[in-house]
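Residue-level structure breakdown
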Amino acid sequence: SWRTISVDRHIGFITLEEEGNYRIYVSYQDPSTNKMEDYQSNLLIIDKTQPEVIVSGIKHNSANKQEQISFIVKVEDLNLNTSSFSPKLTAEIEDEYGNIQQVDCTELGTIETVMDGKSCTYTITNINQDGIYHFSCFVSDMSGNATENLIIEDSQKQIREQLDYSVNRNGS
């Protein structure tokens with residue numbers, strides 16, 4: 001819609017509701033055939049979709065004792081804010097005195113950004129120490145859509161905010 005401010009000033013209102021990439025083009029000629037310079041906006045992106053966080057290679061609430069215990073977390077979004085990707089892996093591990101210690105194990109994994117910043121992965125190649133592990137993740141996109149939900153592929157695509165599993169190779 002348009003609103004006239006004065007003979008030579010007009011304001012246009014445009015509503016963009018659907019997701020997508022938009023540019024606005026404006027051409028105008030007044031009743032005296034005077035033309036304004038054509039206008040083209042910058043790219044406008046409407047994004048209402050949260051990033052997807054998919055965990056594969058391990059089941060929620062599983063007990064694991066195989067030689068290699070690994071999993072991959074993949075985050076995808078067309079407008080991903082890669083600097084917001086915050087995976088967190090913690091564990092409850094028994095020390096040599098039988099006391100349970102809370103340990104931050106996030107550094108066991110590696111983060112990689114791929115596909116021009118539209119995807120990140122966090123990879124755990126092997127967990128060596130027995131314990132009860134908890135994985136969570138926060139990520140957002142450039143439009144502020146954020147999630148802490150994990151889609152756990154190996155657990156019938158359950159959606160949870162935390163993945164819990166244990167490693168028990170040594171009978172602890």
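Preceding this paragraph is the structure being described.
Quick summary incoming for the structure in this document. Computed from a prediction, not measured in an experiment: that's the story for all the values here.

Summing up its helical and strand segments, the chain has 0 helices and 18 strands in all. Taken over the C-alpha trace, the chain has a radius of gyration of 25 Å; the compact-globule value for 172 residues is 16 Å, which it surpasses by more than 25%. Along the first, second and third principal axes, the C-alpha atoms of the chain reach 90 × 25 × 25 Å. Within the span of the chain, comprising 172 residues, buried residues form 32% of the whole. Within the chain, contacts between residues at least 6 apart in sequence are counted, and of these 62% link residues at least 24 apart. Carbon and sulfur atoms provide 46% of the accessible area of the chain, an area that totals close to 11400 Å².

Time to look at the nonpolar core. Core analysis: the biggest nonpolar cluster contains 26 residues, and F71, L89, Y133, F135 and Y165 have the highest contact counts within it. For this core, the secondary structure elements donating two or more residues are β7 (52–56), β9 (71–76), β10 (80–94), β13 (119–124), β14 (131–141), β16 (150–152) and β18 (163–167). No other element matches the 5 residues that β10 contributes to this core. Discounting residues that sit within four places of it in the chain, Y133 has contacts with L89, T90, A91, I93, C105, I127, L163, D164, Y165 and V167.

So, about unusual backbone geometry. With a phi angle near 65°, T33 is a residue other than glycine that sits in the positive phi range. Position of T33 relative to the elements: it lies in the loop between β4 (25–26) and β5 (39–40). Of note, the phi angle at Q156 is positive, near 55°, even though the residue is not glycine. Summarising the element assignment, Q156 is placed in the loop between β16 and β17 (158–160).

Tallying each qualifying case throughout the model produces 1 salt bridge. E76 serves as the salt-bridge partner of K74, at 3.3 Å between the closest nitrogen and oxygen. Judged by its relative accessible area of 32%, E76 is partly exposed.

Within β18, 5 of the 5 residues are buried, which leaves it mostly tucked inside the rest of the structure. Taking every second residue as pointing to the same face, both faces of β18 are buried, with L163, Y165 and V167 on one and D164 and S166 on the other. Note: β14 against β18, 5 bridges, orientation antiparallel. Note that in β18 the partner of I132 across the bridge is S166.

On inspection of all chains with the given rule, the structure shows 0 disulfides. No disulfide involves C120; its sulfur sits 9.0 Å from the nearest other cysteine sulfur, which is in C137. Classification of C120 as buried rests on a relative accessible area of 1%. The class for C137 is buried, based on a relative accessible area of 5%.

Sheet analysis places β10 next to β14, joined by 9 bridges and oriented antiparallel. Directly across from N81, in β14, lies its bridge partner S140. Looking at chain direction, β10 and strand β11 (residues 100–104) are connected through 5 bridges and run antiparallel. Across the sheet, E92 pairs through a bridge with Q102, a residue of β11. From the end of β10 to the start of β11, which pair antiparallel, there are 5 residues, and G98 there has a positive phi angle of about 85°.

Analysis parameters
Residues numbered from 1 in each chain as written. Predicted model: local features only at pLDDT ≥ 70, side-chain atom pairs only at ≥ 80, totals over all residues. Heavy atoms only, no water. Helix = DSSP H or I, 4+ residues; strand = E, 2+ residues; numbered from the N terminus. Rg over C-alpha atoms; globule rule 2.2 N^0.38 Å. Buried < 20%, exposed > 50% of the residue type's maximum accessible area, 1.4 Å probe, protein only. Contact = heavy atoms within 4.5 Å. Areas by Shrake-Rupley, 256 points an atom, 1.4 Å probe, with all protein chains shown as cover. Core = buried A, V, L, I, M, F, W, Y, C linked by side-chain atoms within 4.5 Å. Salt bridge = Lys/Arg side-chain N within 4 Å of Asp/Glu carboxyl O. Pairing = 2+ DSSP bridges. Disulfide = S-S within 2.5 Å.

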